[in-house]
Amino acid sequence: MTFHYHDGHLYAEQVPLEQIASDHGTPTFVYSRSSIETAWDCLDDAFSLRPHQICYAVKANSNLAVLDVLARRGAGFDIVSGGELARVLEAGGDPVRVIFSGVGKQVWEIDQALGAGIGCFNVESRSELDKLADRAGALGTTAPISIRVNPDVDPGTHPYISTGLKENKFGVNAEEALALYRLAADHPALSVIGLDCHIGSQISDIQPFEDALLRLLPLVDQLQREQIPLTHLDLGGGLGVTYQNEAVLDPVAYAAMVDKHLGKRALTIMLEPGRSLVADAGILLTRVVTLKENVGRHFAVTDAAMNDLIRPALYQAWQSVLPVRESTPSERARFDVVGPICETGDFLAKDRELSLVESDLLSIGSSGAYGFVMSSNYNSRPRAAEILVDRDQVIVVRERESLSDLWRGESTLPS
Ligand code: LLP
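What counts, and where the lines are drawn
Residues numbered from 1 in each chain as written. Predicted model: local features only at pLDDT ≥ 70, side-chain atom pairs only at ≥ 80, totals over all residues. Heavy atoms only, no water. Near = heavy atom within 4 Å. Polar contact = N/O pair within 3.5 Å; in protein donor to acceptor, adjacent residues only side chain to side chain. Areas by Shrake-Rupley, 256 points an atom, 1.4 Å probe, with all protein chains shown as cover. Nonpolar A, V, L, I, M, F, W, Y, C, P; charged D, E, K, R; others polar. Domains from an automatic or database assignment. Contact = heavy atoms within 4.5 Å. Buried area = accessible area lost by both parts, 1.4 Å probe. Salt bridge = Lys/Arg side-chain N within 4 Å of Asp/Glu carboxyl O. Phe/Tyr/Trp six-rings, centres within 6.5 Å; stacked < 30°, edge-to-face > 60°. Helix = DSSP H or I, 4+ residues; strand = E, 2+ residues; numbered from the N terminus. Buried < 20%, exposed > 50% of the residue type's maximum accessible area, 1.4 Å probe, protein only. Lys NZ or Arg CZ within 6 Å of the ring centre and 35° of its normal. UniProt positions renumbered as here; feature names shortened; annotations may be inferred. Axes fitted to C-alpha atoms, helices over the stretch in contact; angles between N-to-C directions. Parallel < 35°, antiparallel > 145°, perpendicular 65-115°, else oblique. Left-handed = near helix turned anticlockwise from the far one by under 90°.

(A) Representation of the site of the ligand within the structure. Close to the ligand lie 19 residues, the nearest being Ser-201, Glu-272, Arg-311, Tyr-315 and Tyr-370. Asp-78 places a polar side-chain atom, nitrogen or oxygen, 3.2 Å from a nitrogen atom of the ligand. Contacts to the ligand include Glu-272, whose side-chain N or O atom sits 2.6 Å from a nitrogen atom. The fraction of the free accessible surface of the ligand (580 Å²) that becomes covered by protein chains is 92%. The class makeup of the residues in the shell around the ligand is 6 nonpolar, 7 polar and 6 charged.

(B) The arrangement of the domain arrangement of the protein chain in detail. Each assigned domain of the protein chain is listed here: domain 1 (3-31 + 279-407) and domain 2 (102-271). Each of domain 1 and domain 2 was reduced to a C-alpha centroid, and the two centroids are 36 Å apart. Between domain 1 and domain 2, the contact holds 10 residues from the first and 8 residues from the second. Summing both sides of the interface, domain 1 and domain 2 together bury roughly 770 Å²; the carbon and sulfur share of this comes to 58%. The largest share of the area that domain 1 buries against domain 2 comes from Arg-311, Tyr-315 and Trp-318, three residues that together contribute 56% of it. Applying the counting rule to domain 1 against domain 2 returns 0 salt bridges.

(C) Structural view of the packing of aromatic side chains. Inspection of every chain in the model, using the stated rule, returns 6 aromatic pairs. Ring geometry for Phe-29 against Phe-372: centres 6.0 Å apart, planes inclined by 90 degrees, an arrangement best described as edge-to-face. Taken together, the residues span a long stretch of sequence, with Phe-29 in strand S4 (residues 28-32) and Phe-372 in the loop between strand S18 (361-364) and strand S19 (385-390) at a distance of 343 residues. Side by side, Phe-29 and Phe-372 carry an identical accessibility label, which is buried. One aromatic cluster in this structure is built from Phe-29, Tyr-31 and Phe-372. One Lys or Arg, Lys-105, reaches over the ring of Phe-100 and ends 5.3 Å from the middle of that ring.

(D) Highlighting the UniProt feature "binding site: pyridoxal 5'-phosphate" (unreviewed entry) in the protein chain. In the UniProt entry, the feature "binding site: pyridoxal 5'-phosphate" (unreviewed entry) is given for Gly-238, Glu-272, Pro-273, Gly-274, Arg-275 and Tyr-370. Looking at where Glu-272 falls in the secondary structure, it is placed in the loop between strand S12 (268-271) and helix H10 (275-278). Discounting residues that sit within four places of it in the chain, Glu-272 has contacts with Cys-55, Ala-57, Asp-78, Ile-99, Ser-101, Asn-122, Asp-196, His-198, Asp-234, Gly-236 and Gly-237. A polar contact of 3.1 Å, which involves the side chain of Glu-272, links it to the side chain of Asn-122. Position of Tyr-370 among the secondary structure elements: in the loop between S18 and S19. Among the residues examined, Tyr-370 registers a relative accessible area of 15% and is labelled buried. The residues touching Tyr-370, leaving out its near neighbours within four places in the chain, are Lys-59, Ala-60, Ser-201, Arg-275, Leu-309 and Arg-311.

(E) Spotlight on the packing of helix H4 (residues 82-90) against helix H5 (residues 107-116). The geometry of H4 relative to H5 is characterised by a closest axis approach of 9 Å and an angle of 25 degrees between their N-to-C directions. Judged on the interaxial angle alone, H5 and H4 are roughly parallel. Considering only the axes of H4 and H5, their crossing is left-handed. Between H4, through Gly-82, Gly-83, Leu-85, Ala-86 and Leu-89, and H5, the contact on the second element is made entirely by Trp-108, Glu-109, Gln-112, Ala-113 and Ala-116. In terms of residue class, the contact of H4 with H5 is made up of 6 nonpolar, 3 polar and 1 charged.

Shown next as structure tokens:
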């Protein structure tokens, strides 16, 4: 078990979280290597019935060590910026297995990716296609491309993370995609290799994925008829995890559904999962600084805040809160677990039954995805440390920021 209690103490693999807190302080993100590997293996095995490539969505957790763990498993990477590409290369990722998504690729990012020889650009507009063709032509190379098609399906998830509806900014509709494919097929600096879609994130049900696939396949077949054959079909990420009581999207059922509909089409399946590979592999370790009660409401003020973990504030997301030591002397009460930031929206959890005294440690669950990567220095708070646990080994994979890191690159006025 990755994060589990043993004799009343919460562990990450073989290491007590109390030890990590006392050796490295809090707030700290703690990741489990074996948990990342297990999630990878489950998904990879599920799709083993077809040629496939999983491209981990780097945005979910871009720590070099996390990328390294996945690269060693044979992962490709789905990037959305030049910064993410630089990270992948720094971590030893194979550029050929990199796909570049995103609606606003800049010229420097296109040049960087062409220079690195990435595997595919997921093109989201006519403007991007033209830019890409120009840059590839100027650099004397060919850009491998997919068009991102917006299948106009409702993934039934939080509106901020649903991306496959026609009113969203992502991709192009099937009709426009066909026009772009025809243009690309005739352009000497572009090489059409795939078709891409991504309908949203934290999706618990297979139905929206099936709806999307069924809307894409006629386009695949049309392209085939027009002698624009594809080698891969990229179904995006979005596989949901259990934060509270949501159903986990079953990779085996997902793969079976895809297999059934693809039938005889010889397409490599590409996936861009982020959350499902890393969410449960991480927790945020934090210490209770102050307990207080306002008109009957109990607050546990922790040293972690919305700048460290913004999901509860931004999406009203529910993440578990577990005491690092199972029993404490005081009585149980219902607490809001909040940070010290001067905003009412600064909470990590609301109305949780806990038994707490000051300086207790808490573990905020499922923080491996969209945790540290979305953190900021708001209120001039140094960003948290990140630690990877590998069996009994504790590896600091990002040092806690120091106070002087807070103004790195800034200056006062010249005298
Ligand atoms: N591919 C593309 C093009 C994406 O936009 C995303 C996520 C993914 C793949 C990975 O999706 P995943 O497998 O992780 O669901 N910050 C939000 C999630 C934003 C997701 C954005 N796009 C959250 O904390 O819930």
